[in-house]
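# Structural overview
The lines below spell out each chain.
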Amino acid sequence: MSKPTIVTVDDDPLVSEAITRDLRVRYGAEFRIVRTTSGPEALTVLAELVLKDRPVALIAADQRMPRMTGIEMLEQARVHAPDAKFLLLTAYADTDVAIRAINDIGLDYYLLKPWDPPDERLYPVVDDLLDDWRHEHPDHTSDVRVVGHRWSDRSHEVKNFLARNHVPYRWLDVERDDEGGRLVELAHAEPADLPLVLVPDAETLRAPTTLDLAERLGLRTRPEQPLYDVCIVGGGPAGLAAAVYAASEGLSTIVVEREAPGGQAGQSAAIENYLGFPKGLSGSDLTQRAIAQVSRFGAEMVLARDVVGFETRGPVRAVVLGGSGEIEARAVIVASGVAYRRLDADGLDDLTGRGIYYGANATDAPQVEGEDVYVVGAANSAGQAALNLSRHAKRVVMVVRSGTLTDTMSRYLVERIVASPAIEVRYRTEVAAARGDGHLESLTLVDRDTGVRDEVDASWLFVFIGASPRTEWLGPGVVRNDRGFVITGQDLLREERSSGWPLARSPYALETSVPGVFAAGDVRLDSMKRVASAVGEGAMAVYLVHRYLATT
Ligand SMILES: Cc1cc2nc3c(=O)[nH]c(=O)nc-3n(C[C@H](O)[C@H](O)[C@H](O)COP(=O)(O)OP(=O)(O)OC[C@H]3O[C@@H](n4cnc5c(N)ncnc54)[C@H](O)[C@@H]3O)c2cc1C
């Protein structure tokens, strides 16, 4: 596979040489660095790269150039390099223009000149941009191969697990890719063996469980210590934030995550309202940054393990792992978030994982290239998914029960959906049935006012219809409301529930009915259901853990 390319564009010979040299020193081994000295020259070079099927990872352009500004050039470059990261080199006076370009042309970053020393001012920025690019283009760096059927639910789960754990992989469809068929033959694989997962220097995995896969990839799946200060259940934003604060403050910390770190936020294509990221950032980017922080502070993270039970043993709290094993800790933070509610319609369960999916990963979008896609739901998560899928789908149809989106979705998303020619919204409509032989082929939509039924061809349905908390594993000891959300703090003392709280002192703000067990994020009753609030509650839970441990 050829090296991906970084293109520099600058008419000033000194600046041009400096940026090209600095990029070559650090990234030359992995990327080809191509220097151009004007916008038109850069566009010609980019067109040639397209013809040679050479991927472009980054374009670093100076804003002030006489024939064509950096922003004008980058805007045109999108056609040739739709997925490249854009870095604009600017003078202080151009800051306003650069900020506008974030929205107008999808500029990823602007860097004020000069960038000395590059170790502090250039490389951290470019490292981040290239990391993002690599994760969006696993094919170019990947050695893991997954061979399976396009409509197999198990193949989907394996791909989902790899993508969400940031393991680059190459997908080979047995029916469409010759190499896929060849590998199946070479492995003498039977249909029941699919998907095959080929990991370099290791035996081929046949229809692996998530735990097998995680172990083969070298991910940690078992705790190392007999007892921790704090065990965090769930590796979404709340759990990861709690891990960062707990470990950085010296608590021995373990996080248990059943799927992949990042939680719901990890599936978001663009989180635009998280403080400090004016251009927004993808859930996968946020997750990676968080994982790096968690490991830097020394918290342990156990993956692909499901917590299925909880016990109180005197001062020790224990969580029971599915399969076998348990983790003991002096305090527990419940950060297990919420899971999508199931859509109740004829035929849906049989086709789930075979064209029907709950939630959508940003990485699902390229699969729907050129096809019609249906999205059920009217909240922000459905809106974000519709916009992301519309970048690849021929058409996205949003199926919405109510007569408007504005009551349930942020205005900025509604505006983009309405403006998008690729998205159609069918208001006052429900999915009544799904049909297909082995995978989704058609949906029955019903007009809620007239009762008129419409049978439409469909291969893809993504469902976002609200969520219920993942708290069954807590057992009866930890008090929840009738929908399963964990009740914390002063809410526990309300008369009808007071029997749950055993101590003379009042519970701390995020403490549950079991002292020393705290809840943070979406799983908690009356939480805000946002990334920022989950992160805030994760951090605050650690402060309360300290107070609790000081009294025991
Ligand atoms: C598609 C989408 C887009 C979104 N976009 C935005 C946005 O732009 N801005 C915003 O502010 N919010 C957004 N949200 C909401 C935001 O993602 C959530 O509020 C946030 O992720 C909640 O974090 P959490 O850690 O509380 O829970 P979650 O993110 O739900 O994480 C919980 C984690 O716990 C794990 N887990 C659950 N049960 C167990 C168990 N028994 N054992 C082990 N692990 C377990 C799960 O696998 C999961 O990883 C979006 C949500 C979705 C679905």
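All of the points below concern the structure found in this document. (Residues numbered from 1 in each chain as written. Predicted model: local features only at pLDDT ≥ 70, side-chain atom pairs only at ≥ 80, totals over all residues. Heavy atoms only, no water.)

### A short note on the site of the ligand
Close to the ligand lie 36 residues, the nearest being Glu257, Gln264, Tyr340, Gln384 and Asp522. With respect to the ligand, the backbone of Ala265 contributes an N or O atom lying 3.3 Å from an oxygen atom. Within the backbone of Val531, a nitrogen or oxygen atom sits 2.9 Å from an oxygen atom of the ligand. Notes on the ligand: free accessible area 1000 Å², of which the protein chains cover 96%. Of all the secondary structure elements, the ones that give two or more residues to the shell around the ligand are helix H10 (237-248), strand S11 (253-257), strand S16 (338-340), helix H13 (380-389) and helix H15 (531-551). (Near = heavy atom within 4 Å. Polar contact = N/O pair within 3.5 Å; in protein donor to acceptor, adjacent residues only side chain to side chain. Areas by Shrake-Rupley, 256 points an atom, 1.4 Å probe, with all protein chains shown as cover. Helix = DSSP H or I, 4+ residues; strand = E, 2+ residues; numbered from the N terminus.)

### Thoughts on the sheet that holds strand S18 (residues 372-376)
Paired through their backbone hydrogen bonds, the strands of a sheet run either parallel or antiparallel. Spatial strand order, S17-S24-S18-S19-S20: 5 strands in an open sheet with parallel pairing. In the strand order of this sheet, the two ends are held by strand S17 (356-358) and strand S20 (423-426), each with one partner. Averaged over all pairs of adjacent strands, the angle between their axes in this sheet comes to 20°, without regard to strand direction. The sheet contact formed by S17 and strand S24 (residues 460-463) spans 3 bridges and is parallel. In the sheet register, Tyr358 faces S24, and the bridge partner there is Val463. (Pairing = 2+ DSSP bridges. Axes fitted to C-alpha atoms, helices over the stretch in contact; angles between N-to-C directions.)

### Digging into helix H3 (residues 70-80)
Those residues of H3 that fall on the buried side of the exposure criterion are Gly70, Ile71, Met73, Leu74 and Ala77. Around the axis of H3, the buried residues are gathered within 150° of arc, so they sit on the same side. In this structure, the buried residues of H3 make contact with strand S1 (5-9), helix H2 (39-51), strand S3 (56-62), strand S4 (85-90) and helix H4 (95-104). (Buried < 20%, exposed > 50% of the residue type's maximum accessible area, 1.4 Å probe, protein only. Arc of directions from axis to C-beta. Contact = heavy atoms within 4.5 Å.)

### Quick look at the packing of H2 against H3
Running from N to C, H2 and H3 cross one another at 10°; their axes reach a closest spacing of 9 Å. By the angle between their directions, the pair H2 and H3 is classed as roughly parallel. In contact with Gly39, Ala42, Leu43, Leu46, Ala47 and Val50 of H2, H3 contributes Met73, Gln76, Ala77 and His80. Taken together, the residues of the contact of H2 with H3 break down into 7 nonpolar, 3 polar and no charged. (Parallel < 35°, antiparallel > 145°, perpendicular 65-115°, else oblique. Nonpolar A, V, L, I, M, F, W, Y, C, P; charged D, E, K, R; others polar.)

### Considerations on the nonpolar core
The nonpolar side chains of a soluble globular protein tend to be buried, and buried together. Within the largest apolar cluster, 30 residues are counted, with the highest numbers of intra-cluster contacts made by Ile232, Leu251, Val294, Ile333, Phe518 and Val545. For this core, the elements supplying multiple residues, two or more each, are strand S10 (227-233), H10, helix H11 (283-296), strand S12 (300-303), strand S15 (326-334) and H15. Each residue touching Ile232, except ones within four places of it in the same chain, is listed here: Gly239, Ala242, Ala243, Thr253, Ile254, Val255, Val256, Ile333 and Ala335. (Core = buried A, V, L, I, M, F, W, Y, C linked by side-chain atoms within 4.5 Å.)

### Comments concerning the pairing of S20
Here strand S19 (residues 395-399) runs beside S20; their pairing, made up of 4 bridges, is parallel. Counted as the bridge partner of Val399 is Arg426 from S20. Where the polypeptide runs from S19 across helix H14 (residues 411-419) and back to S20, its parallel neighbour, the crossover connection is right-handed. (Right-handed = clockwise from strand over helix to strand, strands pointing away.)

### Things to note about the side chain of Asp94
Along the polypeptide, Asp94 turns up in the loop between S4 and H4. Once residues lying within four places of it in the same chain are set aside, the contact partners of Asp94 are Gln63 and Arg64.

### Here's the deal with the packing of aromatic side chains
All told, the structure shown has 9 aromatic pairs when counted by the stated rule. Centroid distance Phe31 to Trp133: 6.5 Å. Interplanar angle 65°. Geometry classified as edge-to-face. Of this pair, Phe31 sits in the loop between helix H1 (13-27) and strand S2 (32-36) while Trp133 sits in helix H6 (residues 123-136), placing them 102 residues apart in sequence. Both residues of the pair, Phe31 and Trp133, count as buried. Note on Tyr340 and Phe464: the rings are 5.8 Å apart at their centroids and 85° apart in plane angle, and the pair reads as edge-to-face. Taken as a pair, Tyr340 in strand S16 and Phe464 in the loop between S24 and strand S25 (467-469) lie far apart in primary sequence, 124 residues in all. We classify Phe464 as buried; its relative accessible area is 4%. Among the aromatic side chains, those forming a connected cluster through ring pairs are Trp151, Tyr357, Trp460 and Phe462. Just above the ring of Phe297 sits the side chain of Arg296; from NZ or CZ to the centre is 4.9 Å. The ring of Tyr508 carries the charged tip of Arg505 above its face, separated from the ring centre by 4.1 Å. (Phe/Tyr/Trp six-rings, centres within 6.5 Å; stacked < 30°, edge-to-face > 60°. Lys NZ or Arg CZ within 6 Å of the ring centre and 35° of its normal.)

### Regarding the sheet that holds strand S5 (residues 109-112)
Strand order in the open sheet made by the 5 strands is S2-S1-S3-S4-S5, with parallel pairing throughout. Among the strands making up the open sheet, the edge pair consists of S2 and S5. In this sheet, adjacent strand axes meet at a mean angle of 20° when their direction is disregarded. Bridge count between S1 and S3: 5 bridges; the pairing is parallel. Residue pairing for S3: Thr8 is matched across the bridge by Ala60. Packed on one face of the sheet, H1 meets S1, S2, S3 and S4 and runs near 175° to S2.

### Thoughts on the pairing of S24
Residue alternation in S24 divides its side chains into two sets, Trp460 and Phe462 and Leu461 and Val463, and both sets are buried. Of the pairings in the sheet, the one linking S18 to S24 comprises 4 bridges and is parallel in character. In the strand pairing of S24, Val373 is matched with Trp460.

### Focus: the environment of Glu441
Within the element layout of this structure, Glu441 appears in the loop between strand S21 (429-435) and strand S22 (442-447). In this view, Glu441 contacts Arg435, Gly436, Val456, Asp457 and Ala458; residues no more than four positions away in its chain are not counted. Here the side chain of Glu441 touches Asp437 through a polar contact of 3.0 Å, landing on its backbone nitrogen.

### Focus: the packing of H10 against H11
Contact pair H10 / H11: the axes reach a minimum separation of 9 Å and the direction vectors enclose 30°. In terms of axis orientation, H10 runs roughly parallel to H11. Considering only the axes of H10 and H11, their crossing is left-handed. Here H10 contributes Leu240, Ala243 and Val244 to the contact with H11, which in turn contributes Thr287, Ala290, Gln293 and Val294. Of the residues assigned to the contact of H10 with H11, the class counts are 5 nonpolar, 2 polar and no charged. (Left-handed = near helix turned anticlockwise from the far one by under 90°.)

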